[in-house]
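Residues per chain, in single letters:
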Amino acid sequence: MAPGLDPMEIALRDSEERIRGILHTAVEGIITIDELGIMESVNPAACKLFGYAEGEMVGRNVSMLMPQPFRSEHDHYLANYRRTGQGRIIGIGREVVGQRKNGTVFPMDLSVGEVRLAGERLFTGIVRDITERKRLEKEVLEIADREQRRIGQDLHDDLCQRLAGIGLMSEALEHNLSTHQAPEAIVAGRIAEKVRDAIEQTRTLARGLSPLETDRADLISALAELAVNTTEIFGVHCHFQAEQPPAIADPAISTHLYRIAQEAVSNAIRHGMARDILIFLDSADTEAILSIRDNGAGFAKPPESASKSRHGGMGLRIMKYRAGMIGGILETGTAEGGGVIVTCRFRPATAS
């Protein structure tokens, strides 16, 4: 022990050195900010991730690491959290979008924790670039969508044609039997009728597997048809409402949104036993909203712990992946009056 140094001071310095060493070697970016959003410390991984030197980040508002419109909204978000104590990210974590010094944006996981030191409120954010993960997710979903379209095309072009041929043969058989006044003509007629029903059902399934035309991405028509088919097939009251639908030119975005609605409707019927479902599409300013609300059984447990029982686990994860693919956020909650509401918030102009 060096002469004149207090043991507590030595222990404190040693602890600080350990903490600095941990932060310096951490693989993920770590940023601390004060309650006004000013960065107090950043580790080398965070500097590398965003392309700034430490001196360019410390002392500046953390919103500089966000693209618009999040940059403009951040101070308001912090102020609202200080006033209400309710946060959308703090203590929860979620996927967000970051912006590097060169202006490029990228998806990242952000986990934020809160601590009070010497009467001051500090926030620690851990960030991780998930560009590669999102690329793989997108690839998997695109493969799944292509396979669904292929199956839908096969159903329409192959199976429907085969059934149509069987139907014509059945009708011919019915005619011949009727000509000879054979009692089996009634059975042949019923077979022909059943085949016609099967053809219509197969065409409906084919449209469900490939609902959008890739040359114009007619999301509104597809969602309206989804509501009509759901009502006819399952005998529930499903309706579609679009007040100010967003302009979406990219077929991939429309396909992701349609699949989210399709999965949510399926969950409402299979798991929630819903009798009334509303599919709603709207936009306001830079944000668009797709929501699916039902009057079913709702969550037996809180929404965050009920994903497997109410949404089938994998279905909910796929919906979240699809929302992430278009730069959106998927939320599930209890609808007013009971049931479940699934909401996808996204920005059509920035989705990709």
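Procedures and definitions
- Residues numbered from 1 in each chain as written.
- Predicted model: local features only at pLDDT ≥ 70, side-chain atom pairs only at ≥ 80, totals over all residues.
- Heavy atoms only, no water.
- Helix = DSSP H or I, 4+ residues; strand = E, 2+ residues; numbered from the N terminus.
- Buried < 20%, exposed > 50% of the residue type's maximum accessible area, 1.4 Å probe, protein only.
- Contact = heavy atoms within 4.5 Å.
- Areas by Shrake-Rupley, 256 points an atom, 1.4 Å probe, with all protein chains shown as cover.
- Pairing = 2+ DSSP bridges.
- Axes fitted to C-alpha atoms, helices over the stretch in contact; angles between N-to-C directions.
- Phe/Tyr/Trp six-rings, centres within 6.5 Å; stacked < 30°, edge-to-face > 60°.
- Lys NZ or Arg CZ within 6 Å of the ring centre and 35° of its normal.
- Expected span 1.5 Å × (residues − 1).
- Salt bridge = Lys/Arg side-chain N within 4 Å of Asp/Glu carboxyl O.
- 1 Å grid on protein atoms, 1.4 Å probe; cavity = no way out; pocket = protein on both sides within 12 Å on 5 of 7 lines; lining within 4 Å.
- Points joined across faces, edges and corners; volume = space filled by probe spheres on them.
- Nonpolar A, V, L, I, M, F, W, Y, C, P; charged D, E, K, R; others polar.

Draft legend 1. The overall build of the chain, seen in detail. Each helix and strand counted, the chain has 10 helices and 10 strands in total. Taking all 352 residues of the chain together, the buried fraction comes to 38%. Partitioning the intrachain contacts of the chain with sequence separation of at least 6 by distance along the chain shows that 56% fall at a separation of at least 24. Carbon together with sulfur atoms contributes 55% to the accessible area of the chain, which is approximately 20,000 Å² in total.

Draft legend 2. Up close: the sheet that holds strand β9 (residues 329-334). Pairing is mixed across the open sheet formed by five strands, whose spatial order is β6-β7-β8-β10-β9. A single partner strand is all that each edge strand has here, and the edge strands are β6 (237-242) and β9. Between one strand and the next, the sheet's axes are offset by a mean angle of 15 degrees, whatever the strand orientation. In this structure, strand β7 (residues 276-284) lies alongside strand β8 (residues 287-294), joined through eight bridges in antiparallel fashion. Each residue of the ladder has a partner; that of Leu278, found in β8, is Arg293. Set on the sheet, helix α8 (residues 251-270) makes contact with β7, β8, β9 and β10 (340-346); between it and β8 the angle comes to about 20 degrees.

Draft legend 3. Examining the packing of aromatic side chains more closely. In the structure shown here, the tally under the stated rule is one aromatic pair. Above the face of the Phe106 ring, Arg100 is positioned so that its terminal group lies 4.0 Å from the ring centre.

Draft legend 4. Expanded view of the sheet that holds strand β5 (residues 120-129). One open sheet accounts for five strands, arranged β2-β1-β5-β4-β3; its pairing is antiparallel. Edge strands, defined here as strands with exactly one partner in the open sheet, are β2 (39-42) and β3 (94-99). Between one strand axis and the next, the sheet turns by 35 degrees as a mean value, whatever way the strands run. Bridge analysis of strand β1 (residues 29-34) against β2 gives three bridges, and the strand direction is antiparallel. Each residue of the ladder has a partner; that of Thr32, found in β2, is Ser41. Relative to β5, helix α4 (residues 70-84) is tilted by about 135 degrees, and along the sheet it contacts β3, β4 (105-117) and β5. Relative to β4, helix α5 (residues 131-179) is tilted by about 130 degrees, and along the sheet it contacts β3, β4 and β5.

Draft legend 5. Spatial organisation of helix α6 (residues 184-209). In a regular helix each residue adds 1.5 Å, so 26 residues correspond to 38 Å; α6 covers 37 Å between its end C-alpha atoms and thus fits that length. Residues of α6 that are buried: Ala185, Ala188, Gly189, Ala192, Val195, Ile199, Thr202, Thr204, Ala206 and Gly208. At its buried positions, α6 is contacted by α5, α7 (219-234) and α8.

Draft legend 6. Inspection of the pairing of β8 at higher detail. Once β7 ends, the chain turns through two residues before running back antiparallel as β8, passing Asp285 with a positive phi of about 55 degrees. As judged from the six bridges shared by β8 and β10, these two strands associate in the antiparallel manner. Looking across to β10, one finds that Ile289 is bridged to Arg345.

Draft legend 7. Region of the structure containing the pattern of salt bridges. Enumeration over the complete set of coordinates arrives at 19 salt bridges. One salt bridge in this structure joins Arg196 and Glu171, with 2.9 Å as the shortest N-O distance. One end of the pair, Arg196, is in helix α6; the other, Glu171, is in helix α5, with 25 residues separating them in the sequence. Judged by its relative accessible area of 44%, Arg196 falls in the partly exposed class. Overall, the relative accessible area of 32% leaves Glu171 in the partly exposed class. When the shortest N-O distance is used, the salt bridge between Glu331 and Arg345 registers 3.5 Å. Within this pair, whereas Glu331 is found in strand β9, its partner Arg345 is found in strand β10, the two being separated by 14 residues in sequence. Salt bridges linked by common partners bring Glu28, Glu95, Asp109, Arg128, Arg133, Lys134 and Glu137 together as one network.

Draft legend 8. View of the pairing of β10. By the criterion of burial, β10 is predominantly enclosed, with five of the seven residues buried. Across six bridges, β9 lies against β10 in antiparallel orientation. Directly across from Thr334, in β10, lies its bridge partner Val340. Here β9 hands over to β10 after five residues, with Gly337 in that stretch at a positive phi of 85 degrees.

Draft legend 9. Inspection of the layout of surface pockets at higher detail. For the second largest pocket, the calculated volume is near 420 Å³. Considering the residues around the second largest pocket, the lining is formed by 20 residues, among which Gly208, Leu226, Ile233, Phe234 and Gln262 are closest to the centre. Only α6, α7 and α8 provide two or more residues apiece to the lining of the second largest pocket. With seven residues, the top contributor of residues to the lining of the second largest pocket is α7. The class makeup of the residues in the lining of the second largest pocket is 10 nonpolar, seven polar and three charged.

Everything listed here is a matter of geometry and, on its own, says nothing about what the molecule does.
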